[in-house]
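Given next are the chains, with one letter for each unit.
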Amino acid sequence: MENENDKWKVTTERFVGFFDIMGFKDKVMSNSHEDIVSMIENLKNAKTATIDGRWGNVKQQTNLKSFLFSDSFFIFSASDSPWDLLNLLHNSKILLNYCFSQKIPLKGAISFGNATANFDRSIFVGQPIIDAYLLHEELDMFGAILDHNAERKLNELLADEDFNDEVPYEAIQYKVPTKNGRINHYCINWPEILFHKDNGGTYLLKDRRNLESFYTTVSGKPRMYVDNTIDFFDFLLEKVKKDYPDILEYPRKH
């Protein structure tokens, strides 16, 4: 019988994502040790379910593996295929959405290139690992963006018609706030804005309200991240309203 690890190439061209919890040091200082452990356990359980595809005894094929250390984790794809990139974008989107709903602020970046990910020996080496980490430090909002290497590979994969159709649901180009100004990058399209009901299109503000709740957790400069992320949400919402002129807020305001 073929072992799962037999399908995993230790060294290959792959996508690499890096994510970490914002303001973790301040959280450790201002919360009990038990609360911090609970938050990390929550993050680990969510990551295991969405990224690694494990839920109890159920294993789904995601072609992704992750490694968690303290408040940070890396995600590695099995290959450079369109399927693997879509899985990485989609499952990261679900994870980001869930974490924000749980008051766990994440930011991250995705790169691409030759990387070694040996989970049996805990050896992780490669330029995309470094590039993803460095780019995430530049980001001044919650969420995750793609670097130039990941974007170049994404553009190559757009020749695949099915991939081309799916990408807009997972990532969108946006002038993201960084430490060097606003710069155009693909962003993971994590907010849940649009869903359909029998009476027509509707949009939710649940995720925006979740973001607004972060205002009660920070003051001063850290609030910039909240403002910038809300700006990204509003950018997506305006695009949805433009694409669907008859869309309604749900539940409706009285």
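Model, not experiment: these values are computed from the prediction. (Residues numbered from 1 in each chain as written. Predicted model: local features only at pLDDT ≥ 70, side-chain atom pairs only at ≥ 80, totals over all residues. Heavy atoms only, no water.)

**Student:** A description of the nonpolar core should follow, citing residues and the corresponding values.
**Tutor:** In this structure, I21, L96, L106, F142 and F232 are the most contacted members of the largest nonpolar core, which totals 56 residues. The element best represented in this core is helix 3 (residues 82–101), accounting for eight residues. For L96, the residues in contact, after removing those within four places along its chain, are F19, L106, G143, A144, I188 and W190. (Core = buried A, V, L, I, M, F, W, Y, C linked by side-chain atoms within 4.5 Å. Buried < 20%, exposed > 50% of the residue type's maximum accessible area, 1.4 Å probe, protein only. Helix = DSSP H or I, 4+ residues; strand = E, 2+ residues; numbered from the N terminus. Contact = heavy atoms within 4.5 Å.)

**Student:** Go over the packing of helix 3 against helix 6 (residues 161–170), please, and point to the residues and values.
**Tutor:** Direction vectors running N to C along helix 3 and helix 6 enclose 20 degrees, while the axes themselves pass 10 Å from each other. As the angle between them shows, helix 3 and helix 6 are arranged roughly parallel. Remark: the crossing between helix 3 and helix 6 carries left-handed chirality. Contacts from P82, L85, L86, L89, H90 and K93 of helix 3 reach helix 6 at F163, E166, V167, Y169 and E170. In the contact of helix 3 with helix 6, the residues fall into seven nonpolar, one polar and three charged. (Axes fitted to C-alpha atoms, helices over the stretch in contact; angles between N-to-C directions. Parallel < 35°, antiparallel > 145°, perpendicular 65-115°, else oblique. Left-handed = near helix turned anticlockwise from the far one by under 90°. Nonpolar A, V, L, I, M, F, W, Y, C, P; charged D, E, K, R; others polar.)

**Student:** Mind laying out unusual backbone geometry, listing which residues take part and the relevant values?
**Tutor:** Phi at K103 takes a positive value of approximately 65 degrees, unusual for a residue other than glycine. For K103, a relative accessible area of 36% corresponds to the partly exposed category.

**Student:** Please give an account of the pairing of strand 8 (residues 143–146) that cites residues and values.
**Tutor:** Neither face of strand 8 is left uncovered, since the one carrying G143 and I145 and the one carrying A144 and L146 both have all their residues buried. As defined by bridge partners, strand 6 (residues 106–118) adjoins strand 8 across four bridges and the pair is classed as parallel. Considered in strand 8, the bridge of G108 is made with A144. (Pairing = 2+ DSSP bridges.)

**Student:** Describe helix 4 (residues 127–138), and please don't skip the residues or the numbers.
**Tutor:** For helix 4, with twelve residues, the first-to-last C-alpha span of 17 Å sits near the 16 Å given by 1.5 Å per residue. Of the residues making up helix 4, those classed as buried are P128, I129, D131, A132, L135 and H136. Down the axis, helix 4 shows its buried residues gathered within 165 degrees of arc, on one side only. (Expected span 1.5 Å × (residues − 1). Arc of directions from axis to C-beta.)

**Student:** I'd like a rundown of a nonpolar patch on the surface, residues and numbers included.
**Tutor:** On the surface, a nonpolar cluster with roughly 260 Å² of combined accessible area is contributed by I130, Y133 and L134. Mapping Y133 onto the fold places it in helix 4. The class for Y133 is partly exposed, based on a relative accessible area of 34%. (Patch = residues over 30% accessible without salt bridge, like charges linked within 9 Å, V, L, I, M, F, W, Y side chains within 5 Å. Areas by Shrake-Rupley, 256 points an atom, 1.4 Å probe, with all protein chains shown as cover. Salt bridge = Lys/Arg side-chain N within 4 Å of Asp/Glu carboxyl O.)

**Student:** Can you tell me about helix 8 (residues 223–243), naming the residues and giving the values?
**Tutor:** Taking 1.5 Å per residue as the helical rise, helix 8 with its 21 residues ought to reach 30 Å, and the 31 Å between its terminal C-alpha atoms agrees with that figure. Buried within helix 8 we find Y225, V226, N228, T229, I230, F232, F233, L236, L237 and V240.

**Student:** Describe in detail the packing of helix 2 (residues 33–50) against helix 3, supporting the description with residues and values.
**Tutor:** Running from amino to carboxyl end, helix 2 crosses helix 3 at an angle of 155 degrees, the nearest separation of the two axes being 9 Å. Between helix 2 and helix 3, the interaxial angle falls into the category roughly antiparallel. Regarding helix 2 and helix 3, the two cross each other, and that crossing is right-handed. Contacts between helix 2 and helix 3 involve N42, L43, A46, K47 and T50 from the first element and N91, I94, L95, Y98 and C99 from the second. Residues belonging to the contact of helix 2 with helix 3 are distributed by class as follows: six nonpolar, three polar and one charged.

**Student:** Give a description of the pairing of strand 5 (residues 72–77) that names residues and reports values.
**Tutor:** Along strand 5, six of the six residues are buried, which leaves the element largely enclosed by surrounding structure. The pairing of strand 1 (residues 11–21) with strand 5 spans five bridges and is classified as antiparallel. Note that in strand 5 the partner of V16 across the bridge is F76. Pairing of strand 4 (residues 64–69) with strand 5 involves six bridges; the strand directions are antiparallel. Note that in strand 5 the partner of F67 across the bridge is F74.

**Student:** Hey, could you go over the packing of aromatic side chains for me, with residue numbers and the actual values?
**Tutor:** Taken as a whole, this structure holds 16 aromatic pairs when the rule is applied. Relative to F112, the ring of F15 has its centre 4.8 Å away and its plane inclined at 45 degrees; by these criteria the two rings are tilted. Highlighted residues: F15 in strand 1 and F112 in strand 6, separated in sequence by 97 residues. Take F15 and F112: they sit in the same class, and that class is buried. On the basis of an interplanar angle of 15 degrees and a centroid distance of 6.2 Å, the ring pair of F142 and Y225 is categorised as stacked. Note that F142 is positioned in the loop between helix 4 and strand 8 and Y225 in helix 8, a separation of 83 residues in sequence. Here the aromatic cluster, defined as three or more aromatic residues joined through ring pairs, consists of W8, F18, F67, F74, F76, F119, F124 and Y133. (Phe/Tyr/Trp six-rings, centres within 6.5 Å; stacked < 30°, edge-to-face > 60°.)

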